[in-house]
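Coordinate inspection notes
Take a look at the letters that make up each chain.
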Amino acid sequence: MKIVTSREELLKPLTMVGGVVEKRQTLPILANILINADQDRLKITATDLEVELKTEASVTKSEEVDFTLPARKLIDICRALPDSTEISLDIQGEKAVIIAGRSRFTLGVLPAKDYPAIEIEGAIKGIRVQEGVLKNLIDKTQFAMAQQDVRYYLNGLLLEIADGVLRAVATDGHRLAMSEAVEGLEGAEDFQIIIPRKAVLELGRMLNDSDREIAIEVGSNNVRIIMGDTIFTSKLIDGKFPDYQKVVPVGTDKQVIVDRESMRQALHRTSILSNEKYRGIRFNFAKDNLELLAHNPEQEEAKEELEITYDGEKLVIGFNVGYLIEVLTVISGDNVVLELKDENSSCLIRSQEGDSSRYVVMPMRI
Amino acid sequence: MHLDMDAFFASVEQRDNPEYRGKPVVVGAMPGRRGVVSTCSYEARKYGICSAMPISEAHRRCPDAIYLRPDMARYVAVSKKVMLALGEISPVVEPVSIDEAYIDISGMERLIGEPVEIGRLTKLKIREVVGLDCSAGIGPNRLIAKLASEYQKPDGLVVIRPEQIQAFLDPMPVSNLRGVGPKARQELEQLGVYTVKHLKTYSLDVLRGYFGDNGGQHLYNQARGIALDQVGTKGGRKSISKESTFNEDVIDQRQLRECLRGLAAEVGRTARSKCLKGRVVTMKIRLDGFETHTRQKKLRNATSADGVVLNIAWNLYQESGFAGRPVRLIGLGISEWGGSEPMGDLFDDPEECKREEHLYAAMDEVTKKFGRGKLSLGLKKRD
């Protein structure tokens, strides 16, 4: 049984699904990718039991056959071959022979019937959105997801439809990122799901900023995102996301407008001499002036002054500089609004241009 | 000065039960059940029995020995008397364990006399107060003092002056040094290193290469007799942990969780009584065949709450990949004392925190009054 294709046809889909394969697996077959071949197409699937990614590759010729091959090795072989090499793949029982130019590789095959699949269950709710819209929601929020937090429901991204708004929320308890989209969602059924961290990172990498329509299908335990030939499936985190609306500060009486890029650069410079562990920086807000101050345990010091638009009382407050830099990196627009109350209350950050993303950052005792 | 009671548990038993004297006494688990030797008398050591040996092995070596379960309450009482007596010698006493202490005797020559005199007096005093033998080692730092007290056990008294350090250390087998267990010893032996003298010929870089930055530095220092010379009364406990060995291997998840719950309650109570909160939770597990593993998780905020410790330890167990295998021993603990990060949490509810504090304070009060295990936190339903 022979499959004939080219390096390029194979490499692109392989690299795409390759990211899902874990370096250390609990089952040997999880190191493999599943290939379902028919006359002119290959369906390629990778899974880690949490996330499953399926895509297609066109081939010059093939027969109907299903098998699995070691993902890492296959990708490395394709990558190492010269451009536009013709590849022929021949399954001979428990071995696969790959011939490309004057190279010949024999790889171990595991049976396709043993390859685990994620079944989507329960009543399926679905919406269709533009690919770029989902990408934007993820890009604007994913950095705030928790990592290995005891509160397992924070180790992921909340995606919900409520009152015709599609919203993504991520938080690790210290900061929160929230982004919304409304276009074309009239009449969509409400849902609320938490997509695990790894799946979110994978999705963020895969999605393009295009206006192609994609489908999001939500089952009771899974979410499936269909992008043309490519189908992404992930298990969901079974838990209750905290009430994020409650932590969005209200009653802020101080409004500061800063130039996004100059603030980001100033913070970056100041951060060099902040405490490496806590990364605290002191913010000194005065009329139209912001002073940034950082100290490290070696008693070294960094100081910056920045022109801002501010007409309120003086305020001294500490923040983890890393959290602010991350917000300023993803937020859109040239001018950013910081809404503050006092040194113990969290800060709300949004774009002045009315971007639909909002960020909350907890202050730090300095 | 380092002072170590000789075969402490066994000696207490021999003191209180004259019929045991001169006979091999083994304190620890009972033969036929699981567990290890805690302490054995010097008569028992002649049969090759030693501390931490599985009890079955001890029984094989000497079936006629007197086997006793430890009576901790009695030993603690004796230990307290010993520590009090040491306090009369010097105000700076650092108990290391129930039968061991460091005593700072620097600058006491004028008061009592030569170091050897101080040692003699201390041993005499302990014999007077509790009627037991001990071994004392006197040296310029903790390492030398400890090695000196081990040098002439039992009933030893060894004084090492600063100029004698190298002569004292050089002929010692490397396994006498701190942190040289079977593994490190094997590695050293592969290098052909058996004695401290030989170890000294290796440079710091080489030792670091073999034993890691810290391990290498530690060995390098020890070979030269370099160690801390401070004796602190505070001591400074590094961790609080509890573990439990099962009579028969356990697979039942409910039973394991139940066991961890009890241990978490103990750890939490001990930590709270000492006003300590830990930032690291450790889960320890020993499977069949003595295969032992530990897993740790670092927390964002230090805790002493039973519930938090239990849940994290349980998750560590679940994620360890050992769930479902027969368990011989399971334990948990907390370490790395500290407060919270200098940053609050968006979802912390101050009311809830206060409520929890009250809850644990009340529980500790009840436990103090009515004893362990009378009141425990309800089990959350898990499916």
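Here the structure is shown first, and the text comes after it.
Figured I'd write up the structure that's included with this text. Not measured: the values here are computed from a predicted model.

Overview of the overall build of chain B
Across its full length, chain B holds 13 helices and 12 strands. Out of the 383 residues in chain B, the part that is buried amounts to 42%. Sequence separation of at least 24 residues holds for 62% of the intrachain contacts in chain B that already meet a minimum separation of 6. By element, 50% of the accessible surface of chain B is carried by carbon and sulfur atoms, the whole surface being about 20,500 Å².

Brief notes about the sheet that holds strand β5 (residues 93–97) of chain B
Residues and elements named next belong to chain B. Pairing in this open sheet of 5 strands is mixed, and the strands run β5-β6-β1-β7-β8 from one edge to the other. At either margin of the open sheet sits one strand with a lone partner, and together these are β5 and β8 (157–159). Adjacent strand axes in the sheet meet at a mean angle of 15°, parallel and antiparallel pairs treated alike. Pairing analysis gives 3 bridges linking strand β7 (residues 134–138) to β8, with the strands arranged parallel. Its bridge partner lying in β8, Ile-138 is registered against Val-159. Contacts from helix α6 (residues 142–151) reach β1 (2–5), β5, β6 (100–103), β7 and β8, with the element oriented near 140° to β7.

Looking at a negative patch on the surface
All names here are of chain A. On the surface, a cluster of negative charge is contributed by Asp-38, Asp-40, Glu-64 and Asp-66. Within the secondary structure layout, Asp-40 lies in the loop between β2 (32–37) and β3 (41–47). Given the relative accessible area of 43%, Asp-40 is considered partly exposed.

So, unusual backbone geometry
Residue and element names in this part refer to chain B. Note that the residue after Lys-153, namely Pro-154, is joined by a cis bond; omega there is -10°. Within the secondary structure, Pro-154 is located in the loop between α6 and β8. With a phi close to 70°, Ala-52 is a non-glycine residue in the positive phi region. Residue position: Ala-52 is located in the loop between α2 (42–45) and α3 (55–61). The backbone of Cys-275 sits at a positive phi, close to 60°, despite the residue not being glycine. When you line up the elements, Cys-275 lands in the loop between α11 (253–273) and β10 (278–287).

Remarks on the environment of Arg-175 of chain A
Tracing the sequence through the fold places Arg-175 of chain A in strand β12 (residues 175–181). Under the relative-accessibility criterion, Arg-175 of chain A is labelled buried at 8%. Taking the C-alpha atoms as reference points, Arg-175 of chain A and Cys-347 of chain A, 172 residues apart in sequence, are found 9.4 Å from one another. With residues near it in sequence (within four places) discarded, Arg-175 of chain A still touches Phe-143, Ala-144, Ala-170, Tyr-323, Glu-326, Val-360 and Val-361 of chain A together with Leu-346 of chain B. Here Asp-172 of chain A takes part through its side chain, which lies 2.9 Å from a polar atom of the side chain of Arg-175 of chain A.

Focus on the interface of chain B and chain A
Listed as interface residues are 12 residues of chain B and, on the opposing side, 23 residues of chain A. Note on chain B versus chain A: buried area summed over both sides is about 1,600 Å², and carbon and sulfur give 61% of it. Of all residues in chain B, Met-343, Leu-346 and Phe-347 of chain B bury the most surface against chain A, accounting for 45% of the area lost on that side. Between the two partners, chain B and chain A, sit 1 salt bridge.

Quick word on the packing of aromatic side chains
For the coordinates displayed, the defined rule picks out 11 aromatic pairs over all chains. For the ring pair Tyr-152 of chain A and Tyr-153 of chain A, a centre distance of 5.4 Å and an interplane angle of 75° mean the geometry is edge-to-face. Seen in terms of ring centroids, Tyr-151 of chain B and Phe-168 of chain B are 5.1 Å apart; in terms of plane orientation they differ by 65°. Their pairing is edge-to-face. Here Phe-168 of chain B lies in helix α7 (residues 165–169) and Tyr-151 of chain B lies in helix α6, a separation of 17 residues in the sequence. When its relative accessible area of 6% is taken as the criterion, Phe-168 of chain B is described as buried. Put simply, the rings of Phe-283, Phe-285, Tyr-310 and Phe-319 of chain A pair up and form one aromatic cluster. Its guanidinium or amino end placed over the ring of Tyr-42 of chain B, Arg-45 of chain B lies 4.4 Å from that ring's centre, counting from NZ or CZ. The aromatic ring of Tyr-102 of chain B is capped on one face by Arg-142 of chain B, whose charged end is 4.2 Å from the ring centroid.

Brief notes about helix α2 (residues 71–80) of chain A
All names here are of chain A. Those residues of α2 that sit buried are Ala-71, Leu-74, Ile-75, Ile-77 and Cys-78. Taken end-on, α2 shows its buried residues confined to a sector of 160°, consistent with a single buried face. Exposed residues pointing more than 90 degrees away from the buried face of α2 are listed as Lys-73 and Ala-80. Tucked into the core, α2 has its buried residues touching α1 (7–18), β2, β5 (65–70), β6 (86–92), β7 (95–100) and β8 (103–108).

Focus on the pattern of salt bridges
Residue and element names in this part refer to chain B. With the rule as written, the count across this model stands at 53 salt bridges over all chains. Between Glu-88 and Lys-125 there is a salt bridge, with the nearest N and O atoms lying 3.0 Å from each other. Of this pair, Glu-88 sits in helix α4 (residues 72–89) while Lys-125 sits in helix α5 (residues 115–130), placing them 37 residues apart in sequence. Looking at Glu-88, the relative accessible area reads 56%, which means it is exposed. Salt-bridge contacts for Glu-243 lead to Lys-284; the nearest nitrogen and oxygen are separated by 3.0 Å. With a gap of 41 residues between them, Glu-243 in strand β9 (residues 239–250) and Lys-284 in strand β10 connect regions that are remote in the sequence. Residue class for Lys-284 comes out partly exposed when judged on its relative accessible area of 24%. Taken together, the shared-partner salt bridges in this structure form one network comprising Glu-13, Arg-15, Asp-16, Asp-71 and Arg-74.

Conventions we followed
Think of each chain on its own: its residues are numbered from 1, step by step along the sequence as written. Key to labels: chains lettered from A, ligands numbered from 1, both in the order written. Local features in a predicted model are, by the rule used here, given only for residues with pLDDT of at least 70; side-chain atom pairs are given and counted only at 80 or more, and totals for whole chains, interfaces and linings are based on all residues. Note: side-chain values were computed over all heavy atoms of the structure, leaving out hydrogens and water. Helical segments are the DSSP runs of H or I of at least four residues, strand segments are the runs of E of at least two, and each set is numbered from the N terminus. Working definition: with a 1.4 Å probe on protein chains only, accessible area under 20% of the residue-type maximum means buried, over 50% means exposed, and in between means partly exposed. Throughout, a residue-residue contact means that at least one pair of heavy atoms, one from each residue, lies within 4.5 Å. Only the protein chains shown count as cover for residues, and the accessible areas themselves come from Shrake-Rupley with a 1.4 Å probe. Here, a strand pair is defined by DSSP locating no fewer than two bridges between the strands. Note on definitions: angles span 0 to 180 degrees between N-to-C directions of axes, and those axes are lines fitted to C-alpha atoms, for helices only across the stretch in contact. By definition, no residue in a patch forms a salt bridge, and every one has over 30% relative accessible area; like charges are joined within 9 Å, nonpolar side chains (Val, Leu, Ile, Met, Phe, Trp, Tyr) within 5 Å. Only one rule defines a salt bridge in this text: a Lys or Arg side-chain nitrogen within 4 Å of an Asp or Glu carboxyl oxygen. By the counting rule applied here, Lys and Arg register as positive and Asp and Glu as negative, while His and the ends of each chain are not counted. Note on charges: their place is set at NZ of Lys, CZ of Arg, CG of Asp or CD of Glu. In the analysis that follows, any N or O atom pair within 3.5 Å is treated as a polar contact, provided that within protein one partner can donate a hydrogen and the other can accept it, and provided that, for residues neighboring in sequence, both atoms belong to side chains. The quantity reported as buried area is the accessible area (1.4 Å probe) lost by two parts once they are put together, taken as the sum for both. Planes of paired rings set the category: under 30 degrees apart is stacked, over 60 is edge-to-face and the rest tilted, where pairs are Phe, Tyr or Trp rings (Trp by its six-membered ring) whose centres lie within 6.5 Å. Placement of a charge over a ring requires the Lys NZ or Arg CZ to be within 6 Å of the ring centre, with the centre-to-atom vector within 35 degrees of the ring normal. An arc is given here, and it is the one of the directions from the helix axis to the C-beta atoms.

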